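Below, each chain spelled out in residue letters.
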Amino acid sequence: MMKIQTLKVEGMSCSHCVHSIEGALKNIGVEGKVDLANGSVQVQYDETKASLETIKKTIEEQGYEVE
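Residues numbered from 1 in each chain as written. Predicted model: local features only at pLDDT ≥ 70, side-chain atom pairs only at ≥ 80, totals over all residues. Heavy atoms only, no water.

A. Inspection of the nonpolar core at higher detail. Of all hydrophobic cores here, the largest spans 17 residues; its most connected members are Val9, Ile21 and Ile59. For this core, the secondary-structure elements that each account for two or more residues are strand 1 (2-10), helix 1 (15-27), strand 3 (40-46) and helix 2 (52-61). Per element, the largest residue contribution to this core is four residues, and it comes from helix 1. Setting aside residues no more than four positions away along its own chain, isoleucine 59 makes contact with Leu7, Val9, Ile21, Leu25, Tyr64 and Val66. (Core = buried A, V, L, I, M, F, W, Y, C linked by side-chain atoms within 4.5 Å. Buried < 20%, exposed > 50% of the residue type's maximum accessible area, 1.4 Å probe, protein only. Helix = DSSP H or I, 4+ residues; strand = E, 2+ residues; numbered from the N terminus. Contact = heavy atoms within 4.5 Å.)

This is the structure:
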């Protein structure tokens, strides 16, 4: 079952940030859509393949802070 969640993410400011986060999420099988204007990332994921904690950790490993 697919879930959709919007996460507040601090520290994103440019297209490099977008590619960094979306690429890292894709590597763990999660579809991510970064919204720089709102400082958020909308993720669509299968709970059986990736937990919300794993998604947050993946974004944080790219150097951003997830609220």
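B. Spatial organisation of helix 2. Among the residues of helix 2, those classed as buried are Ile55, Thr58 and Ile59. Projection of helix 2 onto a plane perpendicular to its axis shows the buried side chains occupying an angular sector of 95 degrees, all on one side. Counted as exposed and oriented over 90 degrees from the buried face of helix 2: Glu53, Lys57 and Glu61. Phi for glycine 63, located one or two positions after helix 2, is positive at around 100 degrees. (Arc of directions from axis to C-beta.)

C. View of the environment of cysteine 14. Secondary-structure assignment places cysteine 14 in the loop between strand 1 and helix 1. Along the backbone, cysteine 14 and lysine 56 are 42 residues apart, and their C-alpha atoms lie at a distance of 19 Å.

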